[in-house]
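# Observations on chain architecture
Single-letter residue listing:
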Amino acid sequence: MSPINITTSAGNRAAIAPATAPGSASGATAFKVDSPYVRYTDGAIESDYLYDTTIVSRDTETGQLRAKPTKVHYQFQTKTSVGRVGLMLVGWGGNNGSTVTAAILANRLGISWETRKGTQEPNYFGSVMMASTVKLGVDENLRDVYVPFNEVVPMAHPNDIVIGGWDINSLNIGEAMRRAQVFPVDFQRRVYDELKTLKPLPSVYYPDFIAANQEERANNVLGGTKQEHLEKLRKDIREFKQTNSLDRVIVMWTANTERYADIIAGVNDTADNLLQAIASGHAEVSPSTLFAVASILEGAPFVNGSPQNTLVPGAIELAERERSFVGGDDFKSGQTKIKSVLAEFLVNAGIKPLAITSYNHLGNNDGRNLSAPAQFRSKEISKSSVVDDMVGANNILYKKGEHPDHTIVIKYVPSVGDSKRALDEYVSEIFMGGLNTISLYNTCEDSLLASPLIIDLFMMTELMTRVTYRVKTDADAVEPQWQPFHSVLSILSYMLKAPVVAPNTPVVNALAKQRMAMENIMRAFVGLPPNNEMLLEHKAFH
Ligand code: NAD
């Protein structure tokens, strides 16, 4: 396999064309913080941060709630050197895999192409990190100052990512891009020669987990036992890292949706049982879980971009034990993203959604795979929990246990190809028993929505590998140890339909809250207070 090596610092490609992407190279930041609570040391940014929170309790005698403002003293340390970073995609030859690879190549080399409307330049639109901004503060005239999201703290630039991966289909990435029919033909011509040299590694194929209609693609598969597969995948990750002189590798599942794995006591419920189940070749260990375990054991963060329950309890326990990172599930690209905005708006406006009915049809290979009932079921589950937290947060509209009707239908219609159609109807109860119906029709190029999410997940995950924290108290006799964040990266939730969170912690689906969490946690890393929209400076007399 030859990975796509698109570094800025070395290699002959750097000389071919300058990067034209917005932002600059890996590690660039837009500002320095002037504060006694922030230290720029050799190789790191250290911040002291008071985390303001409110602890609520109920008076046992009167039943009244009591709210107590509380401060927790965190220290964060963010290593500033991004180094050389790699991304290994499982399902590299799929629509998402080939699209994100071609797009990064075009951005890196500044490849433009002709369309009916004229010349199109490459960009990173749709990536929250690369194409959106956050408010840094206000200037001396009280005007807002915004900076690129990826320049709040040092982050990897997508142009610098070394990409490789696996696929059960042997097609090179040039041909895979053609098969995907996502990009216009002039674009395909301009990147084809580069991409045709890239060949996916053979992968693990257990036919029981993906739809039977995928069988004809499976011509690049590993023989041997499950244990041998695990060892081979671990070796692949190690070799990729070594051959490309990488400091870190992140593994991401963008392969077909699998059926749910049964959670069986003694098989995948604990870390040891899962390892034992792999060793004994238990049928209920899916390919995606095998990739997760291989990544965890290699210390490579693993992110699941598909809906199935890859991160079984045993995998999460293993990640915790190994202090390795995992994240998932299912890229939140189109319909669900809108749902996580609209449902929040309705419920927070005091309007009560009674029924949310969602139809999809799509004609790409993902749609073909999802036309099988067991794989559709995985998608249905991942799409269905998206309004739970919003409903649960409003006990005026919803009684305990009450929930809006929520129906999801997905159909495979080959002729629409990658251009997915989503039709949604929201029926809500308004004032005095009235009804309001909102109907949405959304046409979106599926892989062009999902690919920037792969980039954002990569960038955020990579950042978290360089951050450590400690909590300080007045009672500390010795300095507490720096430690990494929890293994389950819930900070990735913005990009994911059914966020996996650490055991016994709440899931947040509301998009605005998810973005706020990323923004304010990154601000905390450089000792800045959380952004809020109080705008007191504009509301008070000066
Ligand atoms: P795709 O069918 O075009 O690509 C999947 C690729 O995975 C194929 O090339 C296939 O050969 C390969 N594959 C299957 N099993 C494999 C295995 N065990 N190991 C290695 N490779 C394997 O699908 P896509 O459109 O690229 O979507 C990929 C995944 O992302 C799907 O599960 C989809 O549900 C999920 N997803 C996509 C979107 C989106 O495109 N908007 C949004 C959310 C989630």
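Values in this document were obtained by computation on a predicted structure and should not be read as measured data. (Residues numbered from 1 in each chain as written. Predicted model: local features only at pLDDT ≥ 70, side-chain atom pairs only at ≥ 80, totals over all residues. Heavy atoms only, no water.)

### Some thoughts on the overall build of the protein
Here is the rule we go by: By definition, any uninterrupted DSSP run of H or I lasting at least four residues is a helix, any uninterrupted run of E lasting at least two residues is a strand, and each is numbered from the N terminus. Based on C-alpha atoms, the radius of gyration is set beside the globule rule, defined as 2.2 Å times the residue count to the power 0.38. Accessible area is worked out with a 1.4 Å probe on protein chains only. A residue is then buried under 20% of its type maximum, exposed over 50%, and partly exposed in between. Whether two residues are in contact is decided by their heavy atoms: any pair within 4.5 Å suffices. Method for areas: the Shrake-Rupley scheme with a 1.4 Å probe, in which residue coverage is limited to the protein chains shown. His is not counted here, nor are the chain ends, while Lys and Arg score as positive and Asp and Glu score as negative. To locate a charge, take atom NZ for lysine, CZ for arginine, CG for aspartate or CD for glutamate.
A tally of helices and strands in the protein yields 16 helices and 19 strands. Taking 24 Å as the expected radius of gyration for a compact globule of 542 residues, we find that the protein reaches 24 Å, a close match to that expectation. With the principal axes as the frame, the protein shows a C-alpha extent of 70 × 60 × 60 Å. By residue count, 52% of the 542 residues in the protein fall in the buried class. Restricting to contacts in the protein with at least 6 residues of sequence separation, those with at least 24 account for 75%. When the accessible surface of the protein is split by element, carbon and sulfur atoms take 53% of a total near 24200 Å². Positive and negative side-chain charges of the protein, numbering 52 and 59 respectively, have mean locations separated by a distance of 2 Å.

### Quick look at the packing of helix 7 (residues 271-279) against helix 8 (residues 287-297)
Using the following cut-off: Note on definitions: angles span 0 to 180 degrees between N-to-C directions of axes, and those axes are lines fitted to C-alpha atoms, for helices only across the stretch in contact. For any helix crossing, the convention is left-handed if the near helix is rotated counterclockwise from the far helix by under a right angle, and right-handed if that rotation is clockwise. Gly is placed with the polar residues, together with every amino acid not listed as nonpolar (Ala, Val, Leu, Ile, Met, Phe, Trp, Tyr, Cys and Pro) or charged (Asp, Glu, Lys and Arg).
Running from N to C, helix 7 and helix 8 cross one another at 115°; their axes reach a closest spacing of 12 Å. Judged by the twist between their axes, the crossing of helix 7 over helix 8 is left-handed. Counting all contacts with helix 7, which are made through Leu274, Leu275 and Ile278, the residues of helix 8 involved are Thr289, Leu290, Val293 and Leu297. Considered class by class, the residues forming the contact of helix 7 with helix 8 number six nonpolar, one polar and no charged.

### Some details on the sheet that holds strand 14 (residues 352-362)
This is how it is decided: Two strands make a pair as long as DSSP finds a minimum of two bridges between them.
Sheet architecture is open: four strands sit in the order 15-14-16-17, paired in mixed fashion. In this open sheet, the two strands that pair with only one neighbour each are strand 15 (405-412) and strand 17 (435-445). For this sheet, the mean angle separating the axes of adjacent strands, direction not counted, is 10°. As judged from the nine bridges shared by strand 14 and strand 16 (residues 419-429), these two strands associate in the antiparallel manner. Bridge pairing links lysine 352 to glutamate 429 in strand 16.

### So, the pairing of strand 5 (residues 85-90)
Most of strand 5 is tucked away: six of the six residues are buried. The two faces of strand 5 match: Val85, Leu87 and Leu89 on one face and Gly86, Met88 and Val90 on the other face are all buried. Relative to strand 11 (residues 248-253), strand 5 runs parallel, the two being bridged by six bridges. Paired with leucine 89 across the bridge in strand 11 is methionine 252. Of the strand pairs in this sheet, strand 5 and strand 10 (residues 162-166) are connected by five bridges, and their pairing is parallel. When the sheet's bridge partners are listed, valine 90 is paired in strand 10 with tryptophan 166.

### Observations regarding the pairing of strand 2 (residues 38-41)
In terms of strand pairing, strand 2 meets strand 3 (residues 44-58) through four bridges, oriented antiparallel. Directly across from tyrosine 40, in strand 3, lies its bridge partner isoleucine 45. Here strand 2 folds back onto strand 3 in antiparallel fashion, the turn holding two residues, of which glycine 43 has a positive phi close to 95°.

### Considerations on the packing of aromatic side chains
Condition: Within 6.5 Å between ring centres, the rings of Phe, Tyr and Trp (the latter by its six-membered ring) count as paired, and their orientation is classed by plane angle as stacked under 30 degrees, edge-to-face over 60, tilted in between. Charge-over-ring contacts are defined here by two conditions on Lys NZ or Arg CZ: a distance within 6 Å of the ring centre and an angle within 35 degrees of the ring normal.
Enumeration according to the criterion identifies 12 aromatic pairs in this entry. On the numbers, 6.3 Å between centres and 25° between planes, the contact of phenylalanine 76 with phenylalanine 485 is stacked. Residue phenylalanine 76 is found in strand 4 (residues 65-79), and its partner phenylalanine 485 is found in the loop between strand 19 (483-484) and helix 15 (511-525); the two are separated by 409 residues along the sequence. A residue is classified by how much of its surface remains accessible, and phenylalanine 76, at 6% relative accessible area, is buried. Taken together through their ring pairs, the aromatic side chains of Tyr49, Tyr51, Tyr74, Phe76, Tyr469, Phe485 and Phe525 make up a single cluster. Taking the ring centre of tyrosine 206 as reference, the NZ or CZ of lysine 226 above it sits at 4.4 Å. When the ring centre of phenylalanine 209 is taken as reference, the NZ or CZ atom of arginine 259 above it lies at 4.1 Å.

### Focus: the side chain of serine 378
The line we're drawing: In the analysis that follows, any N or O atom pair within 3.5 Å is treated as a polar contact, provided that within protein one partner can donate a hydrogen and the other can accept it, and provided that, for residues neighboring in sequence, both atoms belong to side chains.
Mapped onto the secondary structure, serine 378 falls in helix 12 (residues 373-384). Within the structure, serine 378 has its side chain in polar contact with the backbone oxygen of glutamate 258 (distance 2.7 Å). In contact with serine 378, not counting residues within four places along its chain, are Thr257, Glu258, Arg259, Tyr260, Pro307 and Gln308.

### Re the confidence of the model for the protein
Definition in use: The pLDDT value tells you how sure the predictor is about a given residue, anywhere from 0 up to 100.
Residue-level pLDDT values for the protein average 92, and 96% of them are 70 or greater. In this model residues 6-23 is a low-confidence stretch, pLDDT under 50, and it forms 40 contacts with partners more than four residues away in sequence or in other chains.

### Quick word on unusual backbone geometry
Following glycine 328, the chain continues into aspartate 329 via a peptide bond in cis, with omega recorded as -5°. In this structure, leucine 142 takes a positive phi of about 65° despite not being glycine. Overall, the relative accessible area of 25% leaves leucine 142 in the partly exposed class. Even without being a glycine, leucine 535 presents a positive backbone phi close to 50°. By secondary structure assignment, the location of leucine 535 is in the loop between helix 15 and helix 16 (536-539). Using a relative accessible area of 26% as the deciding quantity, one classes leucine 535 as partly exposed.

### Side note on helix 6 (residues 226-243)
Our working definition: For a helix, the expected span equals 1.5 Å multiplied by the number of residues minus one. Directions are taken from the helix axis to each C-beta atom, and the arc is the one they span.
Between its terminal C-alpha atoms helix 6 stretches 25 Å, which fits the 26 Å expected from 18 residues at 1.5 Å a residue. Within helix 6, the full set of buried residues consists of Lys226, His229, Leu230, Leu233, Asp236, Ile237 and Phe240. End-on view of helix 6: buried residues confined to an arc of 120°, all on one side of the axis. Residues Gln242 and Thr243 are exposed on helix 6 and point more than 90 degrees away from its buried face. Residues of helix 6 that are buried sit in contact with strand 5, strand 10, strand 11, helix 7 and helix 8. The positive-phi residue at the C-terminal boundary of helix 6 is serine 245, with phi of around 50°.

### Observations concerning the UniProt feature "domain: Myo-inositol-1-phosphate synthase GAPDH-like" (unreviewed entry) in the protein
Counted only if it meets this: UniProt positions are given in the numbering used here, feature names are shortened, and annotations may be inferred rather than shown by experiment.
The UniProt record annotates "domain: Myo-inositol-1-phosphate synthase GAPDH-like" (unreviewed entry) at residues 334-447. End-to-end, the C-alpha atoms of residues 334-447 are 10 Å apart, and along that stretch the chain is 34% helix and 36% strand.

### Here we look at helix 15
Between its first and last C-alpha atoms helix 15 spans 22 Å; for 15 residues at 1.5 Å apiece the expected length is 21 Å, and the two agree. What helix 15 keeps buried is the set Leu511, Gln514, Met518, Glu519, Asn520, Met522, Arg523, Ala524 and Phe525. Phi turns positive one or two residues past the end of helix 15, at glycine 527, with a value near 70°.

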